[in-house]
Amino acid sequence: MSDLWTSRREVFKVLIKEYKSVKDTIQKRIEEFKSVWKRRNHREIFKEFIFCLLTPQSKAKLCWEAVLNMEKKGYLFQGDYNQIYEELYKVRFRKVKANYIIEN
């Protein structure tokens, strides 16, 4: 039992150290979200929402890239299924996720 506790303590130490290394970045991002919400920037809120729809079981960087590409091409707000589907080529479960975007 004490070995298990020791290993857990070591894991917590590593997690705390890692958190401290990225804490400022996390805080900055939270402030960005608050700012978007306060400004009631619906387009930016929708962009973040779509990013959240895409990320399960997919790499966040690739999902954000897809969101930005769709926005640049005008598909994020007015694209049809096929246009959106094609932009999700690096995202897992793109058929389902393209439908989610269309529905929302």
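Residues numbered from 1 in each chain as written. Predicted model: local features only at pLDDT ≥ 70, side-chain atom pairs only at ≥ 80, totals over all residues. Heavy atoms only, no water.

1. Focus on the nonpolar core
I50, L54, M70, I84, L88 and I101 are the most contacted members of the largest nonpolar core, which totals 17 residues. Sorting the residues of this core by element identifies α2 (42-54), α3 (60-73), α4 (75-78), α5 (81-87) and α6 (94-103) as the ones contributing at least two each. It is α2 that contributes the most residues to this core, five residues altogether. Apart from residues lying up to four places away in sequence, L54 is in contact with C63, A66, V67, M70, L88, V91, K97 and I101. (Core = buried A, V, L, I, M, F, W, Y, C linked by side-chain atoms within 4.5 Å. Buried < 20%, exposed > 50% of the residue type's maximum accessible area, 1.4 Å probe, protein only. Helix = DSSP H or I, 4+ residues; strand = E, 2+ residues; numbered from the N terminus. Contact = heavy atoms within 4.5 Å.)

2. Overview of the packing of α2 against α6
In contact at an axis separation of 10 Å, α2 and α6 are set at 155° when each is read in the N-to-C sense. It follows that α2 is roughly antiparallel to α6 by the angle criterion. For the pair α2 and α6, the sense of crossing is right-handed. On α6, the residues that touch I50, L53 and L54 of α2 are K97, Y100 and I101. (Axes fitted to C-alpha atoms, helices over the stretch in contact; angles between N-to-C directions. Parallel < 35°, antiparallel > 145°, perpendicular 65-115°, else oblique. Left-handed = near helix turned anticlockwise from the far one by under 90°.)

3. A word on the environment of V14
Locating V14 in the fold gives a position in helix α1 (residues 2-39). For V14, a relative accessible area of 56% translates into the label exposed. Placed ten residues apart in sequence, V14 and D24 show a C-alpha to C-alpha distance of 17 Å.

4. Looking at unusual backbone geometry
Notably, R40 is not glycine yet its phi reads approximately 55°, a positive angle. Secondary-structure assignment places R40 in the loop between α1 and α2. R40 gets classed as partly exposed once you look at its relative accessible area, which sits at 48%. For F93, which is not a glycine, the phi torsion comes out positive at approximately 60°. Within the element layout of this structure, F93 appears in the loop between α5 and α6.

5. So, a nonpolar patch on the surface
A contiguous nonpolar patch, built from V11, F12, L15 and I16 and spanning about 390 Å² of accessible area, is present on the exposed surface. Within the secondary structure, V11 sits in helix α1. (Patch = residues over 30% accessible without salt bridge, like charges linked within 9 Å, V, L, I, M, F, W, Y side chains within 5 Å. Areas by Shrake-Rupley, 256 points an atom, 1.4 Å probe, with all protein chains shown as cover. Salt bridge = Lys/Arg side-chain N within 4 Å of Asp/Glu carboxyl O.)

6. What to know about the side chain of K47
Mapped onto the fold, K47 is located in helix α2. Using a relative accessible area of 6% as the deciding quantity, one classes K47 as buried.

7. Side note on the side chain of E48
Assignment of secondary structure puts E48 in helix α2. Overall, E48 belongs to the buried group, its relative accessible area being 15%. Apart from the residues within four sequence positions on either side, E48 is in contact with R29, F33 and W64.

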